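Remarks on the overall topology
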Amino acid sequence: DKPRDVLGCHRLKRDSREADSDLFVFRVWHQSVEKEWEAEEGDVQLLLEGLEPLKMQRRCAWLYEAVVRLPADWLPQADDAAQAPVGGVLRLPRYQVRIPQQERPLHDAFGYVGFLLAEVEIDQFQSGRFPNVSDALGCHCVCAGGVFGLRFATWAPRAVFVSVVGDWNNWDGRACPMAKRFRAGEHGGFCGLWEVFVPFGELEDIPFGNKYGYKIHTLAGTDLVKMDPYAQEMEVPSDMYHSPVFNASVISSCDDSYRAEPFEWSDDEWMKQREERGRLGTALLQPMAIYEVHLPSWRRGAKGEVLGYRQLAEPLVEHIKALKFNWVELMALAHHPFQGSWGYQVSGYYSCYSLLGGPDDLKYLIDKLHEAEIGVIMDFVPAHFCRDQCSFCDFDGTATFEYEDPREGEQRQWGTKVFNFRRNEVRSFLQGAVFFWAERYHIDGFRCDAISSMIYRNFGKEDGQWIPNEHGDISNLEAVSLLQSLNQTMKEFWPGVIMIAEESTAWTGVTTLRPADFGLGFDLKWDLGWMNDSLVYLEEPTWNKPANHSKLTHRATYMQDERYVVPLSHDEVANMKGSLIEKMGRKENLGFYERLRLLCAYYGYQAAAPGRPLLFMGQEYGQGREWNCYQSLDWHEGDEAVRKGLCVWVSDLMGTYGFHKPLHMGDDQPHMKQFPVGAKSFDWVENNASCCVLAFCRHWKGERPVLAIFNFGCQYHQGYTIGTPYWGGWEVLLNSDDGRYGGRGGGPGNSSVLWTGHHRGDCSDSLRLDLPGHSCLLLLAPEKFAEAKASRPPGGMNASDHLGADIEYCMADIGY
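Residues numbered from 1 in each chain as written. Predicted model: local features only at pLDDT ≥ 70, side-chain atom pairs only at ≥ 80, totals over all residues. Heavy atoms only, no water.

**Re the overall build of the protein**
- Per the secondary structure count, the protein includes 15 helices and 40 strands.
- Each principal axis of the C-alpha atoms in the protein carries an extent, and together these give about 115 × 55 × 55 Å.
- Sequence separation of at least 24 residues holds for 72% of the intrachain contacts in the protein that already meet a minimum separation of 6.
- Accessible surface computed for the protein: about 31,000 Å², of which carbon and sulfur atoms make up 49%.
- For the protein, the distance from the average position of its 80 positive side-chain charges to the average position of its 113 negative side-chain charges is 2 Å. (Helix = DSSP H or I, 4+ residues; strand = E, 2+ residues; numbered from the N terminus. Contact = heavy atoms within 4.5 Å. Areas by Shrake-Rupley, 256 points an atom, 1.4 Å probe, with all protein chains shown as cover. Lys, Arg positive; Asp, Glu negative; His and termini not counted. Charge placed at Lys NZ, Arg CZ, Asp CG, Glu CD.)

So this is what it looks like as structure tokens:
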């Protein structure tokens, strides 16, 4: 475990009779010195500056030695580890080795004097907050004294011995032994890190693209070959349908921190504006219409082959722009050995999914999305990781990245390992991965998966299968503190990057850091309750919908508590749940055409209600079957006339959502009064359970309000009256039953104007209109609405306990 103590150049015992010189021993250990030839006397030579070549003696296989008298000051004084700069320091050895059948001299890995990691880097790694950990650990191409080589560093605290193995050394564990790294100072001990520099010579000699791993000799006496947890590239899995026995890491030529010519981005203006919005605290005031995509199954080639990042760039950008989404959430970006996990059983937290291409290919895709002004969210999985042997589970032969006790360290319902959130080195690994993707890939947002399984110790477990915290409670305090640290640090280093929690419980404070004990500090939270409730309602037959009407209105009781994304995600169209079109009216066996009409109304409800709408791919045209990650979307269905209408509806709906500020700028303060009229950002206007009719009005400051009306029943209501908060002419922005969307043309047409009158006794002003079954209408208030305030507004608009002033976002709103 200390190869440098024996190998390389060392001073022998000083000879007092020779004051000006000393004996030095040179020991070279390399597999190239014996490669398909029998060593003979004088074949291996030591080359020293200013001296004739000296023959080396063979001590055993791979090991050659020479003893030479040299000036006493020939070997420089050993470096002080405490003085090593960030990135480490290596000094070129003053000798080389000439071996047969090799033109260039051999550079001895153990002749280099110095350290690969600075003490300050180790301090940060062990503190749990090391933003640039990806630059310190893993494999990197560096130049030391004009010689190019690969610098390897890994964390294996309980390993007996570690070596680097790969294609270039025939996966022989003897070839590149790693050295334990000890802390500086008299009390310094082993810090758990192993390091080695493997010189190759010229840059073109670096074996970019070679596969590699770490051979680890464990305390149990066994040998394991494990992938590099910090690898920036991974080999393409050999089988998409099964997890491989071993999935090697790959020496990357795309390491932007070390290569001479990093990837050339063209999104400077995008990144500048993103940071500016983050620092001003206005990022969450922007419209955020999200299209969720699983790239391997979004679109495939003519023969069913998987298309790469570059091949997908142009069609994906065009499709998203046509639908008027301005964000895309990319599933399965981090490397995972088994495609059937959908990217939620990750092994390569610092590597993109190799099946679709390399790092530069993914950067190209993201650059094109930014060029089209589309923000990019990636799915990030901080809760658990792949337990297969091809990952980094039991990395050093013992529980390393995971909890040791299986009651903490296993998520049995998913067959995964749970990260040990109390170990600072693991905290550095997880936080560093998010920083890495934000810096290297310009990711604009992170949807953090399965947060509930992190913050609850008993998540998915029966009594006796979990361990309470130190207070006897169910919360995982170390996971909570990790998420708090991650979100705080991201706002410090990457303002404008949106952090999103997929959290399915009633945990208080997911999108705030107040109170400090349990506030998590995310920017947004997925509202899974809205999704579940609304889908249950829409599956019901029309006659039973009134009894379930509260499932549509319940959200108003809690939507001011957090900041939300309202998702219709991949989870709802897989695992035998069926597609969204199948869910519409499922219990009454509704006809296909009516299902489409109901789906249009549902999408309108999603976009008009407070929260950021998210729609999974394929649902924009109402794909008939549920999603299969091994199969392309059924794009031919989108060519059908009625389905084209649905697609046009989604496009117009998202365009309207993004253009009209009341539909998005007041999402996070739905009960706050907006001036100049003093109405709430979200106000009920109509709540008619028996007719399956809902209506609400959205406000934002002096912008013209938007009235959203929904008929979720099949009945066509002729001359239906809706109370309005303002008198005058209301412009029809969208009617889902318009012929443009494949509808029957019932109700007022797009761009028509409806005038208020005195049609109801419970309010001073109302509209009389035809309301088609399974429809959504969006109406724009009169231009001078502030002067046309109804003397008696609809009943739902009278009650308000939030007497707010004009609101602006600032960092204090989210706990800073």
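Moving on, there is more to tell.
**So, the packing of aromatic side chains**
- Scanning the entire structure with this criterion turns up 57 aromatic pairs.
- Ring centres of Trp342 and Trp627 lie 4.9 Å apart, and the angle between their planes is 55°; this geometry places the pair in the tilted category. Placement of the pair is Trp342 in the loop between β20 (334–335) and β21 (348–352) and Trp627 in the loop between β30 (612–616) and α15 (641–659), with a sequence separation of 285 residues.
- A residue is classified by how much of its surface remains accessible, and Trp342, at 13% relative accessible area, is buried.
- Between Phe696 and Phe710 the ring centres are 5.6 Å apart and the planes differ by 40°, which places this aromatic pair in the tilted class. (Phe/Tyr/Trp six-rings, centres within 6.5 Å; stacked < 30°, edge-to-face > 60°. Buried < 20%, exposed > 50% of the residue type's maximum accessible area, 1.4 Å probe, protein only.)

**With respect to the nonpolar core**
- Phe152, Tyr349, Trp437, Phe446 and Phe712 are the most contacted members of the largest nonpolar core, which has 192 residues in total.
- It is helix α14 (residues 592–608) that contributes the most residues to this core, 10 residues altogether.
- By size, the runner-up hydrophobic cluster in this structure holds 21 residues, among which are Val677, Val693, Trp730 and Phe785. (Core = buried A, V, L, I, M, F, W, Y, C linked by side-chain atoms within 4.5 Å.)

**Description of the confidence of the model for the protein**
- Per-residue pLDDT for the protein averages 90, and the proportion of residues at 70 or more is 92%.
- Counting contacts from residues 798–816, a segment whose pLDDT is below 50, to residues more than four positions away or on other chains yields 53 contacts. (pLDDT = per-residue confidence, 0-100.)

**Examining α15**
- When the terminal C-alpha atoms of α15 are compared, their 27 Å separation across 19 residues agrees well with the 27 Å that a helix rising 1.5 Å per residue should span.
- At its buried positions, α15 is contacted by α5 (309–323), α14, β30, β37 (729–735) and β40 (775–780). (Expected span 1.5 Å × (residues − 1).)

**Things to note about the state of the cysteines**
- Within this structure, the stated rule accounts for 0 disulfides.
- Cysteine Cys352 remains unbridged, with the sulfur of Cys254 as its closest cysteine sulfur at 8.4 Å.
- By relative accessible area, which is 2% here, Cys352 ends up buried. (Disulfide = S-S within 2.5 Å.)

**A closer look at the sheet that holds strand β25 (residues 416–418)**
- One open sheet accounts for 3 strands, arranged β23-β25-β24; its pairing is antiparallel. Looking at which strands have only one partner, the edges of the open sheet turn out to be β23 (384–386) and β24 (410–411).
- Here β23 runs beside β25; their pairing, made up of 3 bridges, is antiparallel. Its bridge partner lying in β25, His384 is registered against Val418. (Pairing = 2+ DSSP bridges.)

**Concerning the sheet that holds strand β8 (residues 95–98)**
- Strand order in the open sheet made by the 3 strands is β4-β3-β8, with antiparallel pairing throughout. Edge positions in the open sheet fall to β4 (54–55) and β8, since each of these has one partner strand only.
- For strand β3 (residues 45–48) and β8, the ladder comprises 4 bridges, and the chain directions are antiparallel. In the sheet register, Leu47 faces β8, and the bridge partner there is Gln96.

**Comments concerning the side chain of His549**
- Topologically, His549 is positioned in the loop between α11 (528–539) and α12 (550–553).
- Within the structure, the side chain of His549 is placed 2.7 Å from the side chain of Asn687, a separation counted as a polar contact.
- If we ignore the near neighbours within four places in the chain, the residues touching His549 are Tyr537, Asn687, Asn688, Ala689, Val693 and Leu694. (Polar contact = N/O pair within 3.5 Å; in protein donor to acceptor, adjacent residues only side chain to side chain.)

**Section: the pattern of salt bridges**
- All told, the structure shown has 49 salt bridges when counted by the stated rule.
- The residue Asp205 makes a salt bridge to Arg104 at a minimum N-O spacing of 2.2 Å. In this pair, Asp205 is assigned in the loop between β14 (190–201) and β15 (211–217) and Arg104 in the loop between β8 and β9 (113–115), connecting sequence segments 101 residues apart.
- Given the relative accessible area of 27%, Asp205 is considered partly exposed.
- With its nearest N and O atoms 2.5 Å apart, the salt bridge here joins Arg555 to Asp527. Linking Arg555 in the loop between α12 and β29 (564–568) with Asp527 in the loop between β28 (524–526) and α11, this pair joins segments that are 28 residues apart in sequence.
- Look at Arg555 and you get buried, because its relative accessible area is 5%.
- Salt bridges here are not isolated pairs; linked through shared partners, they connect Glu119, Asp123, Arg181, Arg183 and Glu195. (Salt bridge = Lys/Arg side-chain N within 4 Å of Asp/Glu carboxyl O.)

**Thoughts on the environment of Gln232**
- Along the polypeptide, Gln232 turns up in the loop between β16 (223–226) and β17 (249–250).
- Ignoring any residue separated from it by four or fewer positions in sequence, one finds Gln232 in contact with Ser134, His140, Ser252, Asp255, Tyr350, Ser351, Pro359, Phe436 and Arg440.
- A polar contact of 3.1 Å, which involves the side chain of Gln232, links it to the side chain of Arg440.

**A short note on helix α1 (residues 119–127)**
- Every buried residue belonging to α1 is among Glu119, Glu121, Ile122 and Phe125, and all of these are buried. Looking straight down α1, one finds that the buried residues subtend no more than 155° of arc, so they occupy a single side.
- Where α1 is buried, its residues contact α2 (133–136), β11 (147–155), β13 (179–182), β14 and α8 (424–440).
- The positive-phi residue at the C-terminal boundary of α1 is Gly128, with phi of around 90°. (Arc of directions from axis to C-beta.)

**Some thoughts on the packing of α1 against α8**
- It is the contact of α1 with α8, at a shortest axis distance of 6 Å, that shows an interaxial angle of 95°. As judged from the angle between their axes, α1 and α8 are roughly perpendicular. Along its contact with α1, which presents Gln124, Phe125, Gln126 and Ser127, the element α8 presents Asn424, Glu425 and Ser428.
- Residues belonging to the contact of α1 with α8 are distributed by class as follows: 1 nonpolar, 5 polar and 1 charged. (Axes fitted to C-alpha atoms, helices over the stretch in contact; angles between N-to-C directions. Parallel < 35°, antiparallel > 145°, perpendicular 65-115°, else oblique. Nonpolar A, V, L, I, M, F, W, Y, C, P; charged D, E, K, R; others polar.)

**Describing the pairing of β14**
- Most of β14 sits inside the fold, with 10 of its 12 residues counted as buried.
- In this sheet, β14 lies alongside β11 in antiparallel orientation, the contact comprising 8 bridges. Paired with Trp155 across the strands is Leu193, a residue of β14.
- Direction of pairing for β13 relative to β14: antiparallel, over a ladder of 3 bridges. Following the sheet pairing, Lys180 is matched in β14 by Trp194.

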